[in-house]
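# Close look at the chain arrangement
Okay, here's what each chain looks like letter by letter:
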Amino acid sequence: VSKPTDLVQGTLDLLILKTVALEPMHGWAIAQRIRQMSGEVLLVGQSALYPALHKLEQQGWIEAEWKVSENSRRAKYYRLTAAGRDALDAEARQWARLSAAISLVVNKA
Amino acid sequence: MEVRMMRWLATVSLRLRSLLLGGRVERELREELAYHLEREVAAGRAAGLSEAEAHVAARRTLGAVAQNQEACRDARRVAFVDHTMRDLRFAIRQLAVNRGFACTTIGVLTLGIASAVAIFGFVDAAMLRPLPYDAPTRLVHAFTTGPDAPPSMNRSSVSYLNFRDWRERSRAFGAMAAYDVRTGFNLTTASGPERVRGLRVTAGFFHTLGVAPALGREFRRDEEGQDAPAVVMLSHGAWQTRFGGDPAILGRTVTLQSPWLAGGEPHVVIGVLPPAFHFGMAAEADFWATIRGPQPCWEVRPCQSLEVVARLADGVTPEAAAADLTLVVAQLRREHPPADGRAVPQVARLTPLRDVVLGNVRLPLLMLLGAAGLLWLIAAINGVSLLLARSEVRRREIAVRHALGASSGRLVLQFGTEAVVLALVSGTLGLLLAAWSMRALVGLLDADMLARMPYFRDVGLDGRVIAGAAALTAVLAVVLGLVPALRTSKARTIAGLKEATRGGTGAMWRRAGAPLVVAELAIAMVLLVNASLLGKSVYRLLNVDPGFPVDHLAVVPVSPVGTGGDTGRPAGQLADRIAERVAAVPGVVSAAYADIGPVAASLAPTTSFAVVGRPDDTVRENGPVRRVGPGYFRTLQVTLQRGREFSAADLRGGRPLVIINATAARRYFRGEDPIGRSIVFGGPASPRRDIVGVVADIQDGPPDALPAAAAYVPFDETAFTLVVRTEGPESSVLPAIVAAVHDVAPGVLIQREASMADRIGRLPATALSRAAAWLVGAFAAIAFVLGVAGLYGVVAYAVGQRSREIGVRVALGAGRGGIYRLVMRDAGWLVSLGAAVGLAAGVGFATLTRRLLFGIESWDPATLAAATLALVVAALVASYAPARRAMAVNPVDVLRSE
């Protein structure tokens, strides 16, 4: 299980924002989606996921709604807010700069 | 900007939701996590795992559910508030469960806070609240004194003529006024004459204080002096109670008479003072009249009956003003040389008005504040040791919680919350109790005392008092909160668990507990020593030998009222008739009279005098002068050492005569016979008085006044004080005496007839000392109980903790007596240390306040020994029960319980 500390600080937030940007999703689905999209590399555990979700909700970047899920149970769906979209853009740009910089360093060596 | 605002609002509403709908948010969190688990299990099954295996696998990926929930709560950032609320509920629940502990602690702390706050309320009213005048710090009391008078000399009086010259000639003051120190008026009412509180002042008196009348105006310059019209101003209280707040009061007349002036006169009401006004320099007054009309004292410079209040001119320092006034004083002494011809230099001195108003109240107040502070301290220490003892009991609980992962910070916060709850509850209760006790204490002050200390009239809760209570509470909260904090460090957890299993002694508590008990006992000792010293002082004050037998002596102040034939002129005639009639009352041995009577509130009036024919040996001392009737000394049963008393004929004129006391004879006629010599009072214009007698010293002033050279002259006043020697108890004869007085003169006013002992007990000096002694006594009693209870707690706890050791000792053959001595020796150490420290500190405290002591030294051995004995006996009694329990320890039980 990949712990949040294994990810670069703040990347989990970016992953979550990016994931829920596609469509409103509940916690388990978010974890699954991240796993699929990363080619089974990034496994986000519950212990990291939910605190991060609650924090993002408190920050007003995502908002939650209880809806009936695909297996017809009540589940908490998270959706990106306008503020969250701005944040996502900023984080994504930041990430692009950072990863490019890291690649530069690593590949030069 | 707007977006930011919206976002902020959304965040706030979410946080509020988390806080207010805590239960719902919690439920949703659980549901959300449960859903995740469910999906995880389903995924496991889909991958081909059995139901049980899927559960285990899911659980494994999830980690600790509770920790997860906590992390989510933390993410919501309401953890702090949430924890605090939970701690609060927990603390209250804990205290509710441990009701005995909670009640004891709160009770002790409440007592401590209440006593400190109540006394602070009095200090605030007297010393911190501004006087009810405009710019009160610019007001001074001006007087003259010899250049080498001690700094403690802070007030004195001046003659009316000198005051008028000061007012005209000095340049350093914005305004200057004075009042006559002789207080009180006889008021003619529908139901007969009545003595009321009143003062005579000069024009511009209220202007000087910067007080504007609530109604009407104040005295003009033409309402002061020889031919001035009779006008009066009323206090707000008198206007309300006597005249029902009549809005048309101005222009009405009231008939007033100064007891020392003949004849009552109608006075026109010209003004009413504001409600907040009081004048604490003299006794509080309800009627204010002016200095007017003929009065012998106001017409000569040696008769000093006025005290001066002045306002410093803008930009003038007190030093410069005093220098300016000193020039005026010197000028006046050149123009009007004193009687003795030797110009003793005089300087003007200024005292801040506040210092004069406070007078001798300051020291008792500060002493009481110190005592109350000590009581608060002992209460705080008691609270700390109660909390310590409790945290000792909860040692295991703390250790277990630590082991289960509670952070030190959380535990400190949790126990701190309990301390804060205790402090807050005690602080609130203490404030309420203080408010109540302030009213109760003011109620205990008798009217005379309250009139002299009018600033106590409005004692109660104000901003400063509440702030003081809050500060004391905050300190308590911090101190009490620190106690568990010091005890919940993680390093100690392991030791805690180990010790707890071993049933070992709480080393930390013994270390901290013992010094606390020593401190408690020491403080209790300080208060005990001081209460005993004060109590003994009061006893000595009340039982001081005034130079005559106090028993079976009644004192009846009589004041002739009105303009009729009963004004007492010629001097002494009415008094003679009344004394004669009273002497005939059954049960009365003899009756006589004087202007003031023995053992008065002060030595005043006083005078300087010179021996005729001895210009080189002028007497500059001011000694009391009393105007006495025939048989005065015989009735008091004072030894007439030489010569004779005055006869009735001496009062009717003839040569001016005088009787001096033994101190005067010893000081000024050493080796000579004073009989036949003459002395002169005050100025050169006053007549030579031939000495006809020498009497043994009696106390003319307050019981603590030093022996002074006294002079007695034939009675020549109108108001007088009857002294009546009775056969049996005074109280049984007093009604008959009063009836006899009214029999002779129905119109006269009798003010507070009493036995001599009661009169002494009611004097300002004794009343104040007694009040202080009672309060300190009460504080000492509480401190004593707390200190001894603290000792009991420590010893009992130590015995409980050492029962294993004791059991082993007994099993190994130690005698019961040995065990008893073991416990008592430990207790003895604590007591000896506490008593020794307390004795030293107590003597120090008493030495600082030694001016409050009368006839006793601050290190009085008998008092110290008695206080020590009391503490030791109480301590032994307190240690006895635990020591007995130690002796009764059954070694088999103890060893089996291991």
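Attention in this report is confined to the structure presented alongside it.

A few words now on the overall build of chain B. Looking only at helices and strands, one finds 29 helices and 24 strands in chain B. Counting every position in chain B, which comprises 898 residues, the buried fraction comes to 52%. Counting every atom, chain B has about 39,300 Å² of accessible surface; 61% of that belongs to carbon and sulfur.

So, about the overall build of chain A. The secondary structure content of chain A amounts to four helices and three strands. If you list the helices and strands of chain A from N to C, you get α-β-α-α-β-β-α. For chain A, the proportion of its 109 residues judged to be buried stands at 42%. Nonlocal contacts in chain A, meaning residues at least 24 apart in sequence, comprise 48% of its contacts between residues at least 6 apart. Within the structure as shown, chain A displays about 5,900 Å² of accessible surface, and the carbon and sulfur contribution to it stands at 56%.

Quick look at the sheet that holds strand S3 (residues 74-80) of chain A now. All names here are of chain A. Across the sheet, three strands lie side by side as S1-S3-S2; this open sheet has antiparallel pairing. Unpaired on one side and paired on the other, strand S1 (25-26) and strand S2 (62-68) mark the two borders of the sheet. The pairing of S2 with S3 spans seven bridges and is classified as antiparallel. Across the sheet, the residue bridging to Val68 is Arg74, located in S3. Sitting on the sheet, helix H3 (residues 46-59) touches S2 and S3, and the angle it makes with S3 is about 55°.

Attention now moves to a nonpolar patch on the surface. Judged by side-chain polarity, Trp95, Leu98, Ile102, Leu104, Val105 and Val106 of chain A come together as a nonpolar surface patch covering roughly 560 Å² of accessible area. With respect to the helices and strands, Val106 of chain A occurs in helix H4 (residues 82-108).

Let us look at the packing of aromatic side chains. Residue and element names in this part refer to chain B. Applying the stated rule across the entire model yields 18 aromatic pairs over all chains. For the ring pair Phe205 and Phe206, a centre distance of 5.2 Å and an interplane angle of 90° mean the geometry is edge-to-face. Judged by relative accessible area, which is 1%, Phe205 ranks as buried. Residue Phe206 is classed as buried on the basis of its relative accessible area of 0%.

This part is about the nonpolar core. Inside soluble globular proteins, nonpolar side chains tend to come together where they are buried. Residues and elements named next belong to chain B. Formed by 139 residues in total, the largest nonpolar core has its most connected members in Leu209, Phe279, Trp288 and Phe456. Not counting the four nearest positions on each side in its chain, Leu209 is found in contact with Tyr133, Asp134, Leu139, Phe277, Phe279, Val309, Arg311 and Leu353. Of all hydrophobic cores here, the second largest spans 51 residues; its members include Ile578, Val692, Val733 and Val748.

Here we take up the environment of Ala514 of chain B. All names here are of chain B. Along the chain, the position of Ala514 falls in helix H18 (residues 507-542). A relative accessible area of 23% places Ala514 in the partly exposed class. C-alpha separation for the pair Ala514 and Ala827, spaced 313 residues apart in sequence, amounts to 9.6 Å.

Turning next to H4 of chain A. Taking 1.5 Å per residue as the helical rise, H4 of chain A with its 27 residues ought to reach 39 Å, and the 39 Å between its terminal C-alpha atoms agrees with that figure. Among all positions of H4 of chain A, only Ala83, Gly84, Ala87 and Leu88 of chain A are buried.

What follows deals with the packing of helix H6 (residues 99-128) of chain B against helix H25 (residues 764-801) of chain B. Residue and element names in this part refer to chain B. Two elements in contact, H6 and H25, have axes separated by 12 Å at closest approach and are oriented at 160°. In terms of orientation, H6 lies roughly antiparallel with respect to H25. Where H6 crosses over H25, the two elements pack in a sense that is left-handed. Counted together, Val108, Leu111, Ser115 and Ile119 of H6 and Leu775, Phe779, Ile782 and Leu786 of H25 form the full contact between these two elements. Looking at the contact of H6 with H25 residue by residue, the classes come out as seven nonpolar, one polar and no charged.

All names here are of chain B. Contact pair helix H27 (residues 816-848) / helix H28 (residues 861-887): the axes reach a minimum separation of 9 Å and the direction vectors enclose 155°. Regarding the angle of H27 to H28, the classification is roughly antiparallel. For the pair H27 and H28, the crossing hand works out as right-handed. Packed against H27, whose contacting residues are Arg816, Ile819, Tyr820, Val823, Met824, Ala827, Val831, Ala835, Leu839 and Val843, the element H28 presents Leu864, Thr868, Leu871, Val872, Ala875, Leu876, Ser879, Tyr880, Ala883, Ala886 and Met887 at the interface. A breakdown of the residues in the contact of H27 with H28 according to their chemical character gives 18 nonpolar, two polar and one charged.

Calculation notes
Residues numbered from 1 in each chain as written. Chains lettered and ligands numbered in written order. Predicted model: local features only at pLDDT ≥ 70, side-chain atom pairs only at ≥ 80, totals over all residues. Heavy atoms only, no water. Helix = DSSP H or I, 4+ residues; strand = E, 2+ residues; numbered from the N terminus. Buried < 20%, exposed > 50% of the residue type's maximum accessible area, 1.4 Å probe, protein only. Areas by Shrake-Rupley, 256 points an atom, 1.4 Å probe, with all protein chains shown as cover. Contact = heavy atoms within 4.5 Å. Pairing = 2+ DSSP bridges. Axes fitted to C-alpha atoms, helices over the stretch in contact; angles between N-to-C directions. Patch = residues over 30% accessible without salt bridge, like charges linked within 9 Å, V, L, I, M, F, W, Y side chains within 5 Å. Salt bridge = Lys/Arg side-chain N within 4 Å of Asp/Glu carboxyl O. Phe/Tyr/Trp six-rings, centres within 6.5 Å; stacked < 30°, edge-to-face > 60°. Core = buried A, V, L, I, M, F, W, Y, C linked by side-chain atoms within 4.5 Å. Expected span 1.5 Å × (residues − 1). Parallel < 35°, antiparallel > 145°, perpendicular 65-115°, else oblique. Left-handed = near helix turned anticlockwise from the far one by under 90°. Nonpolar A, V, L, I, M, F, W, Y, C, P; charged D, E, K, R; others polar.

None of the figures reported here should be taken as evidence of function without further support.
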